[in-house]
Amino acid sequence: MTRQRPTVADIRAMKGKYQFTMIRVETLDELEAAEKAGVDMVSVPPELIVLPHFREIAPSLFAVPGANFFEVGTADDFVRWAFRLFKASADAIYCSASLATVKRLADEAIPVIGHVGLIPSRATWTGGFKAVGKSAESALGIFEAVKAYEAAGAFGAEIEVVPTEVATAISERTSLFMVSMGAGAGCDCQYLFGDDILGQNRGHVPRHAKAYRNFAAEFDRMQRERIAAFSEFAADVRSGAYPKQRHVVGIEAGELHRFLEGLAVS
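For every chain, the first residue of the written sequence is number 1, and numbering continues from 1 onward in sequence order. Two thresholds apply to this predicted model, a pLDDT of at least 70 for residue-level local features and 80 or more for giving and counting side-chain atom pairs, whereas whole-chain, interface and lining totals are computed over all residues. Excluding hydrogens and water, the side-chain values take into account all heavy atoms of the structure.

Student: For the overall build of the chain, give the residues involved together with the corresponding values.
Tutor: Scanning the chain from N- to C-terminus turns up twelve helices and eight strands. Only C-alpha atoms enter the radius of gyration; for comparison, a globular chain is expected to reach 2.2 Å times N to the power 0.38, where N is the number of residues. Compactness check: the chain gives a C-alpha radius of gyration of 26 Å against a globular reference of 18 Å for 266 residues, more than 25% above the reference. For the chain, the spread of C-alpha atoms along the three principal axes comes to 90 × 45 × 35 Å. Here the chain holds 266 residues, and the buried ones make up 39% of them. Throughout, a contact is declared for two residues whenever any of their heavy atoms are within 4.5 Å. At a minimum sequence separation of 6, the contacts of the chain that also span at least 24 residues come to 51%. In the structure as shown, the chain presents an accessible area of about 15300 Å², 58% of it carried by carbon and sulfur atoms. In the chain, which carries 29 positive and 33 negative side-chain charges, the distance between the mean positions of the two groups comes to 2 Å. Each helix is a run of H or I in the DSSP string that is no shorter than four residues. Each strand is a run of E no shorter than two, and both are numbered from the N terminus. Here the term buried applies to any residue with accessible area under 20% of the maximum for its type, exposed to any over 50%, and partly exposed to those in between, with areas from a 1.4 Å probe on protein chains only. Shrake-Rupley sampling with a 1.4 Å probe provides the accessible areas, and residues are treated as covered by the protein chains on show and by no other component. The convention is simple: Lys and Arg are positive, Asp and Glu are negative, and His and the chain ends are not counted. Charge positions are represented by NZ for Lys, CZ for Arg, CG for Asp and CD for Glu.

Student: Explain the environment of I49 residue by residue, including any values.
Tutor: Summarising the element assignment, I49 is placed in helix α3 (residues 46-49). In contact with I49, not counting residues within four places along its chain, are V44, F54, A63, P65, L85, A88, S89 and A90.

Student: Tell me about the nonpolar core, and please be specific about residues and values.
Tutor: Counting 50 residues, the largest nonpolar core has V25, V42, L105, I159 and M178 as the members making the most contacts within it. Apart from residues no more than four positions distant in its own chain, M178 is found in contact with K15, V116, V146, A157, I159, I170, S171, C187, D188 and C189. Nonpolar core, defined: a set of buried Ala, Val, Leu, Ile, Met, Phe, Trp, Tyr and Cys residues in which side-chain atoms within 4.5 Å join the residues together. Judged by nonpolar contacts, the second largest core, of 15 residues, contains I11, A92, F177 and Y191.

Student: Any chance you could break down the packing of aromatic side chains for me, citing the residues and the numbers?
Tutor: Stacked, tilted and edge-to-face pairs are distinguished by plane angle, under 30 degrees for stacked and over 60 for edge-to-face with tilted covering the rest, among Phe, Tyr and Trp rings (Trp via its six-membered ring) whose centres lie within 6.5 Å. Tallied over the entire structure, the rule returns eight aromatic pairs. Aromatic pair Y18 and F20: ring centres 4.7 Å apart, planes at 85°, arrangement edge-to-face. Judged by relative accessible area, F20 falls into the buried class, the value being 6%. Taking 6.2 Å as the distance between ring centres and 50° as the angle between the ring planes, the aromatic pair formed by F62 and F155 counts as tilted.

Student: Can you lay out helix α9 (residues 164-172) for me, pointing to particular residues and giving the numbers?
Tutor: Within α9 the residues assigned to the buried category are V166, A167, I170 and S171. Viewed along the axis of α9, the buried residues span an arc of 130°, placing them on a single side of the element. Seen from the open side of α9, the exposed residues pointing more than 90 degrees away from its buried face are E165 and E172. Tucked inside the fold, the buried residues of α9 contact α8 (136-152), β6 (156-160) and β7 (177-181). The directions considered for the arc are those from the helix axis to the C-beta atoms.

Student: Which residues make up the pattern of salt bridges, and what values do they have?
Tutor: The term salt bridge refers to a pairing of a side-chain nitrogen on Lys or Arg with a carboxyl oxygen on Asp or Glu at a separation within 4 Å. Considering all chains together, one arrives at 13 salt bridges under this definition. A salt bridge links R5 to D91; its shortest N-O distance comes to 2.9 Å. A residue pair is termed long-range when its members are at least 10 positions apart, and R5 in the segment before α1 (8-13) and D91 in the loop between α6 (75-87) and β4 (93-94) qualify at 86 residues. One salt bridge connects D107 with K103, and the closest N-O pair in it is separated by 3.0 Å. Placement of both D107 and K103 in helix α7 (residues 99-107) is noted, with a separation of four residues, approximately one turn of the helix.

Student: Explain the layout of surface pockets to me, using residue names and the numbers behind them.
Tutor: Grid points spaced at 1 Å and placed over the protein atoms alone form the basis of the search, with a cavity being a set where a 1.4 Å probe fits but cannot get out and a pocket an open set showing protein on both sides within 12 Å along at least five of seven lines. Lining residues have an atom within 4 Å of a point. Grid points are joined across faces, edges and corners, and a volume is the space filled by probe spheres set on the points. Approximately 1000 Å³ is the volume attributed to the largest pocket. Around the largest pocket, the lining is made up of 39 residues, and of these P120, E158, E160, M181 and H208 lie nearest the centre. Mapped by element, the contributors of at least two residues to the lining of the largest pocket are β1 (20-24), β5 (112-117), β6, β7, β8 (189-193) and α10 (194-197).

Student: I'd love a proper account of the sheet that holds β8, names of residues and values included.
Tutor: When DSSP locates at least two bridges between a pair of strands, those strands are taken to pair. Strand order in this open sheet of eight strands is β3-β2-β1-β8-β7-β6-β5-β4, and the pairing throughout is parallel. Edge strands, defined here as strands with exactly one partner in the open sheet, are β3 (62-65) and β4. As defined by bridge partners, β1 adjoins strand β2 (residues 41-44) across three bridges and the pair is classed as parallel. Within β2, the residue paired with R24 across the bridge is S43.

Student: Which residues make up unusual backbone geometry, and what values do they have?
Tutor: Of note, the amide linkage connecting Y242 to P243 takes the cis form, showing an omega dihedral of 5°. Here P243 shows up in the loop between α11 (215-239) and α12 (253-265). In this model, V161 sits at a positive phi of 50°, which is unusual for a non-glycine residue. Relative to the assigned elements, V161 resides in the loop between β6 and α9.

This is the structure in structure tokens:
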């Protein structure tokens, strides 16, 4: 049976009843894999969702394009940006810009998913890339940010690297769709990056990440094979082993003779 792409209303109705799955995908191959794997949602680069075959590949995935606010611009820029992405079949927009920008988008009936807890683009305000909400004061600040998103008209919020007890308590006290990245199972959705799931992240691997494959090792193996193949080609050229007769096009002897005669008189 073909899956139906959920609407915002569908997702809201499932709050507290179902754990959605969400993956950050960067390529059409990863998008296709998420669709075929039965994942519920994808976070995607804006340039991916505007590709003409996006919905042919992912008809049932709830798609949320996102970029850092400083890459998009002002509130007016965000509205124009969001309209373009919705025209291309986006289901919601990730936006970590100001509440005024979130409200502008919400006023245009654009579903917005904000960001609380560890917000990478604003990590300097919370002490860098580390957990947020480990003190009562910090945890209450996250709750206040969630309620501010509610008031601004947001649809949901990603809650990142927050103690699971805090995230659960907040999720129980908000109408927002809460997307957990390293904040435990008490939220409405579990979110990981495809790079981490596939084991192709060569940098820092966050605590909440779980690698289900080791693509980095496979990429290394493929690179070794690539170098070996190129080296063999170069060696064959230098030794005369390439090209052989089967690799080139011939000419009938009579035609070759007439050609060479033509060269002689030209």
